[in-house]
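If you want the building blocks of each chain, they are given just below.
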Amino acid sequence: MSGEKDDDDDDDDGKSFRKKSSDQFMNLTKKLIEVRNILMSIDHEEGLKLPSIVVIGSQSSGKSSVLEAIVGHEFLPKGSNMVTRRPIELTLIHTPKSKEEYGEFPQLGLGKIHDFSHIQQTLRDLNLAVPESECVSNKPIELRIYSANVPDLTLIDLPGYIQINNKNQPETLKDKIVELCEQYIREPNIILAVCAADVDLANSEALKAGRKVDPLGLRTLGVITKMDLVEPEIGAAILRNSDYPLHLGYIGVVCKPPASIKNKKNITSALIRHEDQFFRSNYVYSQRGIQVGIGTLRKKLMEVLEEGMAKSLFSIVGAVQKELEESRYQFKVQYNDRRITAESYVAETIDSIKQNFKNFAYSFGKPQVRLEVRSMLEQKVMDLCAELYWTDNKIVDLPKAPIDELYWKYKLDMSSAALTKSGIGRTSTQLVVGVLMANMEKIALMEPLNNHPDTSSKLLSLSNEILRNKFHTTSDQVENCVKPYKHEVECSEQEWTDGVKRTISLIEKELENCNRALQNIKDTVGKKKLRAAIKYVIDDAKRVQAQARDSGEGTVVDNGNETSTLTQVQSVVVNDTIEDNDSDRHRLHFNPKVIEKAIEAIFLRDRSMILKYRLAALKSRQCKSPENKQYCPEAFLNMVAEKLAYTAVMFIQVELLNEFFFQFPREVDNLLVYGMNKNQILLFAKENPKIRKHLELQEKKRKLEEVMEKLNYISRDASGWLGSANGSH
């Protein structure tokens, strides 16, 4: 009796040990799945791969039903068209102490999703985002499901094999699916070949694909679905594993939940009971060696994955150690072990933007703004002088004209009004806004903003918005402040003297430009050819004018002086409407381009001569006093322009510049500090290729260190468990 008791105690001890061993083994698998998930999130060598269960099968073979039965929810996309276009990497995480069931898409950052219909719709959207012209993508969708009702498993669902593609699908679709499946069913992954019971196994694409990479069937498990569609004897014959033997065998399932439980939260328990009732009602399925039911399948998958994980454990430790050492070496060599964060990079970027902006603000003060506005107004002065004075034939009589001659007084008033009433407020404000935006564009192209085109664009938009909001107020203020100059402009001796100096400098510069342009034409055309072309143009103009005079068709300009103006020459030569065979014959000697250059040369020569003449007048005693302003219109208009520039800039500085320089740095903070969450900050940092490389290597090293720590802990546990197991035997 005591011996029997001892035997019973031994049996109890054995059962206790086996349960403890099973729990330890499951814990090992759970931890290795955690390791696998970490490794999946980083770039790693092929050797750093822990096994997953890859689900393959033909379309309509029941793959989705099997996976949903394991999970206990309908969550996979359904449809008559091909809706699984990307691999779905499904990680099931058993949470025994929680009643909460939810899914997560780590790549999308959507957080916990408790509604499985939402998971289903998200998967559908992600799959259908693949164009129908391609139909299949090898970019996986990662989904994790947490529940107390699921086992710890890693499953990969792949697009189903097809026999014939429809007219909207690419001809290569069948081959692409085969190629994608082959990529996933390589070692060390476990193959779950799903076949329908009502289809001959000889035609199973899943078994054919599995045999190709796993000829002995050592890591292939067959799942026969729709067992309720065949006679029990036929179903049992398939499951006996005799025609197409697999080392892991076959398991038959029905996967059809009763209609009464479809609306309940988790259908696994009810489905197992319903399925168990079906198989129990047919005695043949109770025979030795026949495996049936989703419950059996779940246990088998856990066992197979546990065994595969255990086999991979010690090899993966060495591979991770090697990868970690390489990452540490690279991090030391490339970055001297210097750690950075996305937040620190954003802070540095903000400082850099503000510093570049500050440097620009210091360099673009009131003197620089005045220079810009003055240059614009001085150009207006030159244009007015050219239009109203330098093309006037009476300009040569100006120095001798009486001081009270109305013609020149009227012309001076007209030119002054044209300058003061030309919309100085709008043009000067627009000029400064243009300069500001041009410099902001330069800042946007500087380091590090040149790595962030979207942010650069937003900052430019913000700059433009600030300036646009102040534009009308500023231009109106400037216009109101220059109103007195539209009626009368007072001038002191010093203002006049300074105006004369500036005007002399401007005309000397204009004269230099004219001479340079004329010399360029001479060099391009050749002096001799140009001289001949100019003579021809002038002679032709005189001839045509003479004909017009004789025929009484128009007033003839006196061309006794060889320096005809450009307007006179163009009106006669370019718009010549009088036919003359002799003229046409001579014109053939000159290329039309040469004629154009000759007309341009005449204009430049005339402009050069009038500039020399006006330069001499400005340097004469007559232009020493502001009382003679009508004799020196260039100097008077320049003096007016200076007054306008000074007044305009004073209000542009107050209304526009100060406001812009104050607001922009705060908008930078709003955009880059308060306007981004943690994920957006990380994405922003990774837009910079150098920073992205630094962060990725740093993150890879950190994750490998975390994996190595977990593996060392797992290895110690596994060694202890294996030692206990061996000792018990």
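Everything here concerns the structure above.
As the structure is a computational prediction, the values presented were derived from the model and not from experiment.

Draft legend 1. Looking closely at the overall build of the protein. Scanning the protein from terminus to terminus reveals 21 helices and nine strands. Here the protein holds 729 residues, and 48% of them are scored as buried. For the protein, the share of sequence-separated contacts (at least 6 apart) that also reach a separation of at least 24 residues comes to 82%. For the protein, the exposed area adds up to about 38400 Å²; of that, 50% sits on carbon and sulfur atoms.

Draft legend 2. Looking closely at the pairing of strand 2 (residues 88-94). For strand 2, the buried fraction is high: six of the seven residues fall into the buried class. Across seven bridges, the pairing between strand 2 and strand 4 (residues 141-147) is parallel. Looking at the pairing, isoleucine 93 lines up with tyrosine 146 of strand 4. When strand 2 meets strand 5 (residues 153-157), the two strands line up antiparallel, connected through five bridges. Across the sheet, residue threonine 91 finds its bridge partner in strand 5, namely threonine 154.

Draft legend 3. Representation of helix 20 (residues 678-686) in the model. Residues Ile681, Phe684 and Ala685 constitute the buried set of helix 20. Buried residues along helix 20 cover an arc of 95 degrees about the axis, so they all sit on one side. For helix 20, the capping residue at the N-terminal end is asparagine 677, with a side-chain oxygen 3.1 Å from the backbone nitrogen of asparagine 679.

Draft legend 4. Here's a closer look at the pattern of salt bridges. All told, the structure shown has 27 salt bridges when counted by the stated rule. Measuring nitrogen to oxygen at the nearest pair gives 2.7 Å for the salt bridge that ties glutamate 182 to lysine 212. Of this pair, glutamate 182 sits in helix 4 (residues 173-184) while lysine 212 sits in helix 5 (residues 205-213), and the two are 30 residues apart along the sequence. For lysine 332, the salt bridge goes to aspartate 337, with nearest N and O atoms at 3.8 Å.

Draft legend 5. Highlighting the side chain of arginine 85. Looking at where arginine 85 falls in the secondary structure, it is placed in the loop between helix 2 (63-71) and strand 2. What makes arginine 85 buried here is its relative accessible area of 3%. Of the polar contacts made by the side chain of arginine 85, one reaches the backbone oxygen of valine 130; its length is 2.8 Å. Those residues in contact with arginine 85 that sit more than four places away from it in its chain are Asn127, Leu128, Val130, Pro131, Glu132, Cys135, Val136, Ser137 and Pro159.

Draft legend 6. Here's a closer look at helix 3 (residues 116-128). Relative to the 18 Å expected for 13 residues at 1.5 Å per residue, helix 3 spans 18 Å between its end C-alpha atoms, a close match to the ideal helical length. All of the buried residues along helix 3 are Phe116, Ile119, Gln120, Thr122, Leu123, Leu126 and Asn127. The arc enclosing the buried residues of helix 3, seen along the axis, measures out at 165 degrees, which places them on a common side. Buried-residue contacts for helix 3 involve helix 2, strand 2, strand 3 (102-104) and strand 4.

Draft legend 7. Just unusual backbone geometry, in detail. In this structure, proline 188 follows glutamate 187 across a cis peptide bond, with omega equal to 5 degrees. Within the fold, proline 188 resides in the loop between helix 4 and strand 6 (190-196). Of the consecutive residues glutamate 447 and proline 448, the connecting peptide bond is found in the cis state with omega at -5 degrees. Note that proline 448 resides in the loop between helix 12 (424-444) and helix 13 (453-481).

Draft legend 8. Here's a closer look at the side chain of threonine 225. By the element assignment, threonine 225 lies in strand 7 (residues 220-225). Sequence-distant contacts of threonine 225, defined by excluding residues within four places in its chain, comprise Ser61, Gly62, Val66, Val194, Cys195, Ala196, Ala197 and Val253.

Draft legend 9. Up close: the pairing of strand 6. Burial runs high along strand 6: seven of the seven residues are buried. When strand 1 (residues 53-57) meets strand 6, the two strands line up parallel, connected through five bridges. Across the sheet, the residue bridging to valine 55 is leucine 192, located in strand 6. Where strand 6 lies against strand 7, six bridges are found, and the strand directions are parallel.

Draft legend 10. Inspection of the state of the cysteines at higher detail. Taken as a whole and judged by the stated rule, the model has one disulfide. A disulfide bridge connects cysteine 623 with cysteine 632, and the sulfur atoms are separated by 1.7 Å. Taking the torsion about the sulfur-sulfur bond, which here is approximately -105 degrees, the covalent link between cysteine 623 and cysteine 632 counts as left-handed. The exposure class assigned to cysteine 632 is buried, which follows from its relative accessible area of 0%.

Draft legend 11. Just the packing of helix 7 (residues 268-280) against helix 8 (residues 294-335), in detail. The N-to-C vectors of helix 7 and helix 8 enclose an angle of 120 degrees; their axes lie 8 Å apart at closest approach. Between helix 7 and helix 8, the contacting residues are Thr268, Leu271, Ile272 and Glu275 on the first element and Ile294, Gly295 and Arg298 on the second. Here the contact of helix 7 with helix 8 is built from residues that sort into three nonpolar, two polar and two charged.

Rules of the game
Residues numbered from 1 in each chain as written. Predicted model: local features only at pLDDT ≥ 70, side-chain atom pairs only at ≥ 80, totals over all residues. Heavy atoms only, no water. Helix = DSSP H or I, 4+ residues; strand = E, 2+ residues; numbered from the N terminus. Buried < 20%, exposed > 50% of the residue type's maximum accessible area, 1.4 Å probe, protein only. Contact = heavy atoms within 4.5 Å. Areas by Shrake-Rupley, 256 points an atom, 1.4 Å probe, with all protein chains shown as cover. Pairing = 2+ DSSP bridges. Arc of directions from axis to C-beta. Polar contact = N/O pair within 3.5 Å; in protein donor to acceptor, adjacent residues only side chain to side chain. Salt bridge = Lys/Arg side-chain N within 4 Å of Asp/Glu carboxyl O. Expected span 1.5 Å × (residues − 1). Disulfide = S-S within 2.5 Å. Axes fitted to C-alpha atoms, helices over the stretch in contact; angles between N-to-C directions. Nonpolar A, V, L, I, M, F, W, Y, C, P; charged D, E, K, R; others polar.

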